[in-house]
Amino acid sequence: MDAVLSNEILLQAVNEFGSPLYVYDDQRIRDQYGKLVSAFHRSDVRFFYACKALTNVNILKIMHELGSGIDCVSINEVKLAIRAGVEPDKIIFTPNGVGLAEYLEATALNVHINIDNLDLLQQFGRHFGSAYPVIIRLNPHIMAGGNIKIATGHVDSKFGISIDQIDQIIAIAKQTGVKVKGLHLHTGSEIKEVDVFIKGLELILELTHHFPDLTVVDLGGGFKVPYKSEEKGTDMQLLGEKMAETFAVFKQKTGRMFQVWFEPGKFLVSECGYFLVKANILKQAPSRTFVGVDSGFNHLIRPMFYDAYHKITNISNPSGGLCTYNIVGNICETDTFAWDRELNVVRANDILLFNNAGAYGFEMSSRFNSRCRPAEVLVKNGRLKLIRRRETFDDVIAGQVID
Ligand code: LLP
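Conventions and cut-offs
- Residues numbered from 1 in each chain as written.
- Predicted model: local features only at pLDDT ≥ 70, side-chain atom pairs only at ≥ 80, totals over all residues.
- Heavy atoms only, no water.
- Helix = DSSP H or I, 4+ residues; strand = E, 2+ residues; numbered from the N terminus.
- Rg over C-alpha atoms; globule rule 2.2 N^0.38 Å.
- Contact = heavy atoms within 4.5 Å.
- Areas by Shrake-Rupley, 256 points an atom, 1.4 Å probe, with all protein chains shown as cover.
- Lys, Arg positive; Asp, Glu negative; His and termini not counted.
- Charge placed at Lys NZ, Arg CZ, Asp CG, Glu CD.
- Pairing = 2+ DSSP bridges.
- Buried < 20%, exposed > 50% of the residue type's maximum accessible area, 1.4 Å probe, protein only.
- Arc of directions from axis to C-beta.
- Domains from an automatic or database assignment.
- Buried area = accessible area lost by both parts, 1.4 Å probe.
- Salt bridge = Lys/Arg side-chain N within 4 Å of Asp/Glu carboxyl O.
- Right-handed = clockwise from strand over helix to strand, strands pointing away.
- Core = buried A, V, L, I, M, F, W, Y, C linked by side-chain atoms within 4.5 Å.
- Near = heavy atom within 4 Å.
- Polar contact = N/O pair within 3.5 Å; in protein donor to acceptor, adjacent residues only side chain to side chain.
- Nonpolar A, V, L, I, M, F, W, Y, C, P; charged D, E, K, R; others polar.

**What about the overall build of the protein?**
- Across its full length, the protein carries 12 helices and 18 strands.
- The C-alpha atoms of the protein give a radius of gyration of 23 Å, which matches the 22 Å a tight globule of 403 residues would have.
- Counted over contacts in the protein with a minimum sequence separation of 6, partners at least 24 positions apart contribute 68%.
- By element, 50% of the accessible surface of the protein is carried by carbon and sulfur atoms, the whole surface being about 17,500 Å².
- Each charge class in the protein was averaged separately, 43 positive and 46 negative side chains, and the resulting centres sit 2 Å apart.

Structure, rendered in structure tokens:
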């Protein structure tokens, strides 16, 4: 059984730090990392936590302590990783659509560079020649992922350089001297099927003969974790085995071997995260009973943005009778966390718990409606530690230039 935090400690966290509140379980992050290490022990792998899922420096420090590198999509994420003590060799810069200037900031910090368009490859190659070997993000033309908004490897996606444009990559490399040390793809998020990853790997392996300097194959992130009780995540052990077999066959055929990099986000931090809100009001409308909570899609946007399901429980009344509710936020829009959800009877001031809130929860929060962002707390060895203070009105007005 995977470790979960008890209702007692979560209620204690709300008592101490107020609501709404994000709480993260240090142990669960460690357990998830352990699962990765065990699943891929037969291969030469490195993991780079995709920190866009949750960038609190305290979380990045845990990843670093575990031996993980960090995958970053913006220069500020790179700076956060460095602030957490991560060495440049353990940081990949994998942005999309940024200009040369941001790449130059990243190269000045000596991190691994991942390039996802031909134009930029040319500019980069002209600037550095062979002096700064790069990883190339390919678009494998594979449709996969939990929903279209998080599918990134299909032919219509803005990400990566199409595998059909490989000749152009080779031509630019020849013309500018730029060295390709790695090939990368990231097909999407919440991919359950092991074969999607294997297909991506096989696609890349077929292209490796074009690149004599290649040492790395980066298969991105996107492992599925269960959001509903009856759901299953990606079978990591099976993936680890199939991957090792695919590599063994390849090595036998070609004599070449590569290090494999992965960039998991959700897998490492989704399940460690708990989001706690308070029921402010109950509204009995003719067709529905609404529970209005002290939060909204400004704090957890996934249900409204992706129709994502998050398990919700009333931890203040765990043995109450069951009732059906619409759980709604306070943002002045249709701000619904869950439609027709069965919960133990909810009373004003009860605390509701959202599961799987670690990945893309706080990280995608905003100050919409001029509301403050929640605090974040880390639970380690049964102790609660505030790792981000709750915002106040001063944060809301900070940065405004007022005469
Ligand atoms: N590597 C790259 C290049 C990525 O773009 C992403 C995620 C990852 C790794 C990590 O993917 P993960 O293991 O977390 O699935 N906000 C959405 C998810 C968007 C993922 C974007 N890219 C959500 O809340 O479902």
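**What about the pairing of strand β11 (residues 273-284)?**
- The pairing of strand β1 (residues 21-25) with β11 spans four bridges and is classified as antiparallel. Bridge pairing in β11 links Y22 to F275.
- Of the pairings in the sheet, the one linking β11 to strand β12 (residues 289-293) comprises five bridges and is antiparallel in character. Note on β12: the bridge partner recorded for L282 is V291.
- Here β11 folds back onto β12 in antiparallel fashion, the turn holding four residues.

**Some remarks on helix α7 (residues 166-176)**
- When we look at burial in α7, the residues that qualify are I166, I169, I172, A173 and T176. Angularly, the buried residues of α7 cover 125° about the axis, an arc narrow enough to put them on a single face. Opposite the buried face of α7, at more than 90 degrees from it, the exposed residues are D167, K174 and Q175.
- Taken together, the buried residues of α7 touch α6 (118-128), β6 (134-139), β7 (161-162) and α8 (194-207).
- One or two steps after α7, the chain reaches G177, where phi turns positive at roughly 85°.

**Looking at unusual backbone geometry**
- In this structure, P20 follows S19 across a cis peptide bond, with omega equal to -5°.
- Note on placement: P20 falls in the loop between α1 (7-17) and β1.
- Positive phi is not limited to glycine here, since D340 has a value of about 45°.
- Even without glycine at this site, N349 takes up a positive phi of about 80°.

**A word on the domain arrangement of the protein**
- Along its sequence, the protein is carved into domain 1 (40-266) and domain 2 (273-397).
- On a C-alpha basis, the centroid separation for the pair domain 1 and domain 2 is 33 Å.
- Both sides of the domain 1 and domain 2 interface together cover about 1,600 Å² of buried area, and 52% of this is carbon and sulfur.
- Connecting domain 1 to domain 2 are one salt bridge.
- The partner of E190 in a salt bridge is R302, with the nearest N and O atoms 3.1 Å apart.

**Brief notes about the side chain of T246**
- Within the fold, T246 resides in helix α9 (residues 236-254).
- In contact with T246, other than residues within four places in its own chain, are I198, L201, E202 and L205.

**Some thoughts on the pairing of strand β2 (residues 45-50)**
- Taken across its six residues, β2 has five buried, putting it largely inside the fold.
- By the bridge criterion, three bridges tie β2 to strand β10 (residues 259-262) in an arrangement that is parallel. Across the sheet, residue F47 finds its bridge partner in β10, namely F262.
- Pairing of β2 with strand β3 (residues 69-72) involves three bridges; the strand directions are parallel. Note on β3: the bridge partner recorded for F48 is G69.
- The parallel pair β2 and β3 is bridged by helix α3 (residues 57-66), and the resulting crossover is right-handed.

**Topic: the nonpolar core**
- Formed by 104 residues in total, the largest nonpolar core has its most connected members in F40, Y49, I59 and F124.
- The element best represented in this core is α8, accounting for nine residues.
- With residues near it in sequence (within four places) discarded, F40 still touches V45, F47, F223, M236, L239, G240, M243 and F262.
- Listed in part, the 16 residues of the second largest apolar core include I9, L21, Y274 and A375.

**Regarding the environment of H127**
- Relative to the elements of secondary structure, H127 occurs in helix α6.
- Of the residues examined, H127 reaches a relative accessible area of 46% and is grouped as partly exposed.
- Residues H127 and V178 lie 51 residues apart in sequence; the distance between their C-alpha atoms is 9.3 Å.
- Those residues within four positions of H127 in sequence are excluded, and the remaining contacts are L100 and L104.

**Digging into the site of the ligand**
- Neighbouring the ligand are 18 residues, the closest being S189, E263, K266, R302 and Y360.
- One of the backbone nitrogen or oxygen atoms of G222 is found 2.9 Å away from an oxygen atom of the ligand.
- Here a nitrogen atom of the ligand sits 2.7 Å away from a polar atom, N or O, in the side chain of E263.
- Its free accessible area being 580 Å², the ligand has 93% of it covered by the protein chains.
- Residues of the shell around the ligand, tallied by class, amount to six nonpolar, six polar and six charged.

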